[in-house]
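# Report on the structure
Each chain, letter by letter, is given below.
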Amino acid sequence: MQLTREKWSKNFSEWFDWVLREGEFYDYGRYPIKGMGVWMPYGFKLRQNVINLIRKLLDLTGHEEVLFPLLIPEDLLRRESTHIKGFEGEVFWVTKGGDEDLDIRLALRPTSEVAITWMENLWIKSYKQLPKKYYQIVSVFRYETKATRPMIRLREITTFKEAHTVHETYEDAQKQVEEAIEIYKKFFDEIGIPYVISERPEWDRFAGALHTYAFDTIMPDGRVMQIGTVHHLGQNFSKALDFKIQKRDGSLDYPHQTSYGISDRAIASVISIHGDDHGPVLPPSVSPYKVVLIPIPAKSEDENKRVLEYLQEIYEILIKNNISSIIDYDPEKTPGEKYYIWELKGVPIRIEIGPREVSSNTVFIKRRDNLESYKVKKDELIIRINEILNDIQENLRKRAWEFMNSKIKYSNDINEAKKIIEKELGIVEVPWCGKNECGLKIEELTDTRVLGYPIEERRVNDKCVICKMNAKTVLRIAKTY
Ligand SMILES: [Zn+2]
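Residues numbered from 1 in each chain as written. Predicted model: local features only at pLDDT ≥ 70, side-chain atom pairs only at ≥ 80, totals over all residues. Heavy atoms only, no water.

## As for the overall build of the chain
Broken down by element type, the chain carries 15 helices and 23 strands. For 481 residues, the compact-globule formula gives about 23 Å, and the C-alpha radius of gyration of the chain, at 25 Å, lands near that figure. Expressed as a percentage of its 481 residues, the buried residues of the chain come to 54%. For the chain, restricting intrachain contacts to residue pairs at least 6 apart in sequence, the fraction spanning at least 24 positions comes to 69%. Surface exposure of the chain reaches about 21700 Å², of which carbon and sulfur atoms provide 49%. Taking the 72 positively charged and 75 negatively charged side chains of the chain as two groups, their mean positions are separated by 2 Å. (Helix = DSSP H or I, 4+ residues; strand = E, 2+ residues; numbered from the N terminus. Rg over C-alpha atoms; globule rule 2.2 N^0.38 Å. Buried < 20%, exposed > 50% of the residue type's maximum accessible area, 1.4 Å probe, protein only. Contact = heavy atoms within 4.5 Å. Areas by Shrake-Rupley, 256 points an atom, 1.4 Å probe, with all protein chains shown as cover. Lys, Arg positive; Asp, Glu negative; His and termini not counted. Charge placed at Lys NZ, Arg CZ, Asp CG, Glu CD.)

Shown next, in the form of structure tokens:
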């Protein structure tokens, strides 16, 4: 069975705020700067596990971690003109040091393409050093003027994983784009988050990129959230910074670059998408604790002592087998109150131990995702726990994909497409001829955002919803965060 998902889907904003605050993930709206939140200890552990996952995937594929200064001088940021135009309205500027005005304004980095290219220009001289793949996990700042949202739309994005790569040729950079997409697929698969990958249309590319490919997911309320992007930058930044390398044929030329990023939104999606009306259900792959142990009070002091000893013994078996666990001893709370709290924290397995378990050498296990329970012998504990954790991980992934797929529709009628979005949100795919003017018209007539078109070839035996020419592909539209 599954818990209801009424609050979760119908009042998602309230649900999300409630979970973040009461589940002690992230305190938002009380720090005295708009758009900046505080990671609390429990949320920080989740964040750390998510970071470890992506770090592992990047390290395994030859990416090297670096750390650049937070500040970028204005003249450097202005070197790539499309880039600065795209970010100008969102930059926080540092203009003073103490009481003195600075000679040049310093930007709190909104992203790091120019800063990193500046140093690459000094470090990389020859094709023999390529490919080069750097990444860093840092805060970036955007002066958001729209309504901000915890973890989703922030002025300080605290978990910005940005990768920046350098290649000899356009094709090499394109191959890197494909590798980045594969890395992100693995990453989102490991946290059970479903996605659609679209090439963003020309009018919605990353500022300074030749191509932008984006991972989007559908949130519980039906709105679409961008959770990752991959950009082919071509020679735009290397030209702007006069960054040349020696090529294979001996000539000096500009290298080709890519960049790709994910952010706090990956964590927001993992908290949100697997949830229900009791709170989130965290996938075992990133949950701060896989198991919470709760003592059930007995009638006598003696019995209570035995319960706690047995509980400690079970805890140690779990820890020895690398199953991160926590005991909730709090004598001030009833077991029922503890169940409520740990469900709200999304811990995938609960173990309850009382006098009955002590006398029968068993443990009572309850799953967070479907509320199934099992009585398991102590000897079989680790085998069973691992089986159940795997099953939860798979069940969450499957359920999330089914939810997302149920919200993707196709329509060859512009009015119907608009109605579907108005009524149930999600994503609607409409046949499209490939012309920008038709794409922009689709956006305007449906009052939605164009996500882009599938990266794989899509045969559509239909006519463009605007010009009625033969469609080349589909265009995806949605209401977005
Ligand atoms: Zn058309």
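## Focus on the environment of lysine 146
Mapped onto the elements of the fold, lysine 146 is located in the loop between strand S7 (132-141) and strand S8 (156-167). Each residue touching lysine 146, except ones within four places of it in the same chain, is listed here: Lys34 and Arg153.

## Examining the packing of aromatic side chains
Summed over all chains, the structure comprises 21 aromatic pairs. Judged by centre distance (5.4 Å) and plane angle (90 degrees), the ring pair of phenylalanine 92 and tyrosine 143 falls under edge-to-face. In this pair, phenylalanine 92 sits in the loop between helix H5 (81-87) and strand S5 (93-97) while tyrosine 143 sits in the loop between S7 and S8, placing the two residues 51 residues apart along the sequence. The class for phenylalanine 92 is partly exposed, based on a relative accessible area of 23%. When the centroid spacing of 6.3 Å and the interplanar angle of 50 degrees are considered together, the rings of phenylalanine 188 and tyrosine 195 count as tilted. Take phenylalanine 188: its relative accessible area is 0%, and that puts it in the buried class. Look at tyrosine 195 and you get buried, because its relative accessible area is 10%. Connected via pairs of aromatic rings, a cluster forms that spans Tyr184, Phe187, Phe188, Tyr195, Phe215, Tyr260 and Trp401. In this arrangement the basic side chain of arginine 5 is found over the ring face of tryptophan 8, its NZ or CZ atom lying 3.8 Å from the centre. Geometry around tryptophan 342 places lysine 345 over its ring, the cationic atom sitting 5.7 Å from the centre. (Phe/Tyr/Trp six-rings, centres within 6.5 Å; stacked < 30°, edge-to-face > 60°. Lys NZ or Arg CZ within 6 Å of the ring centre and 35° of its normal.)

## Here's the deal with empty space enclosed by the protein
For the coordinates displayed, the defined rule picks out 3 cavities of 30 Å³ or more. Within this model, the largest cavity holds a volume of roughly 70 Å³. Of all the elements in the fold, those that place two or more residues in the lining of the largest cavity are helix H3 (41-60), S8 and helix H9 (264-273). Residues that form the lining of the largest cavity fall into these classes: 7 nonpolar, 2 polar and 1 charged. (1 Å grid on protein atoms, 1.4 Å probe; cavity = no way out; pocket = protein on both sides within 12 Å on 5 of 7 lines; lining within 4 Å. Points joined across faces, edges and corners; volume = space filled by probe spheres on them. Nonpolar A, V, L, I, M, F, W, Y, C, P; charged D, E, K, R; others polar.)

## A short note on the coordination of the zinc ion
In this structure, Cys433 (SG), Cys438 (SG), Cys464 (SG) and Cys467 (SG) serve as the protein donors to the zinc ion, at separations of 2.3 to 2.4 Å. Coordination at the zinc ion is tetrahedral: its 4 donor atoms span angles of 105 to 115 degrees at the metal. When the donors of the zinc ion are listed by position in the chain, the intervening gaps give C-x4-C-x25-C-x2-C. The same class applies to cysteine 433 and to cysteine 438, which are both buried. (Donors = N, O, S within 2.8 Å, 3.2 Å for Na, K, Ca; no water. Tetrahedral: all angles 85-135°; square planar, octahedral: opposite > 155°, others 65-115°.)

## Comments concerning the sheet that holds strand S6 (residues 100-108)
Read from one edge to the other, the open sheet built from 3 strands follows the order S4-S6-S5, with strand pairing classed as antiparallel. Looking at which strands have only one partner, the edges of the open sheet turn out to be strand S4 (71-73) and S5. Pairwise comparison of adjacent strand axes, ignoring direction, gives a mean angle of 45 degrees for this sheet. Inspection of the sheet shows S4 paired to S6 by 3 bridges, in the antiparallel sense. From the neighbouring strand, isoleucine 72 faces S6, where its bridge partner is alanine 107. (Pairing = 2+ DSSP bridges. Axes fitted to C-alpha atoms, helices over the stretch in contact; angles between N-to-C directions.)

## Focus on the side chain of glutamate 352
As for its position among the elements, glutamate 352 is in strand S17 (residues 349-353). For glutamate 352, the side chain forms a polar contact with the side chain of arginine 350, separated by 3.0 Å. (Polar contact = N/O pair within 3.5 Å; in protein donor to acceptor, adjacent residues only side chain to side chain.)

## Details of the packing of helix H10 (residues 301-320) against helix H13 (residues 381-405)
As a packed pair, H10 and H13 sit with axes 10 Å apart at the nearest point and diverge in direction by 60 degrees. Of the two elements, H10 crosses H13, and the hand of that crossing is right-handed. Across the interface between the two elements, Ile314, Ile317 and Leu318 of H10 pack against Leu381, Ile382 and Ile385 of H13. Class assignment of the residues belonging to the contact of H10 with H13 gives a composition of 6 nonpolar, no polar and no charged. (Left-handed = near helix turned anticlockwise from the far one by under 90°.)

## Points about the layout of surface pockets
The volume enclosed by the largest pocket comes to roughly 1100 Å³. Forming the boundary of the largest pocket are 44 residues, of which Arg142, Gln226, Thr229, Arg265 and Arg449 lie nearest the centre. Broken down by secondary-structure element, the contributors of at least two residues to the lining of the largest pocket are H5, S8, strand S10 (211-218), strand S11 (224-234), strand S14 (256-262), H9 and strand S22 (449-454). In terms of residues, the lining of the largest pocket owes the most to one element, S11, which gives 7 residues. Residue classes in the lining of the largest pocket are distributed as 17 nonpolar, 13 polar and 14 charged.

## Notes on unusual backbone geometry
Cis peptide bonds are those with omega within 30 degrees of zero, and the linkage from leucine 130 to proline 131 qualifies with 0 degrees. Turning to its location among the elements, proline 131 is positioned in the loop between helix H6 (113-123) and S7. The phi dihedral of methionine 151 is positive, around 65 degrees, even though this residue is not glycine. Within the element layout of this structure, methionine 151 appears in the loop between S7 and S8. Judged by relative accessible area, which is 1%, methionine 151 ranks as buried. With a phi close to 50 degrees, aspartate 242 is a non-glycine residue in the positive phi region. Within the secondary structure layout, aspartate 242 lies in the loop between helix H8 (236-240) and strand S12 (245-246).

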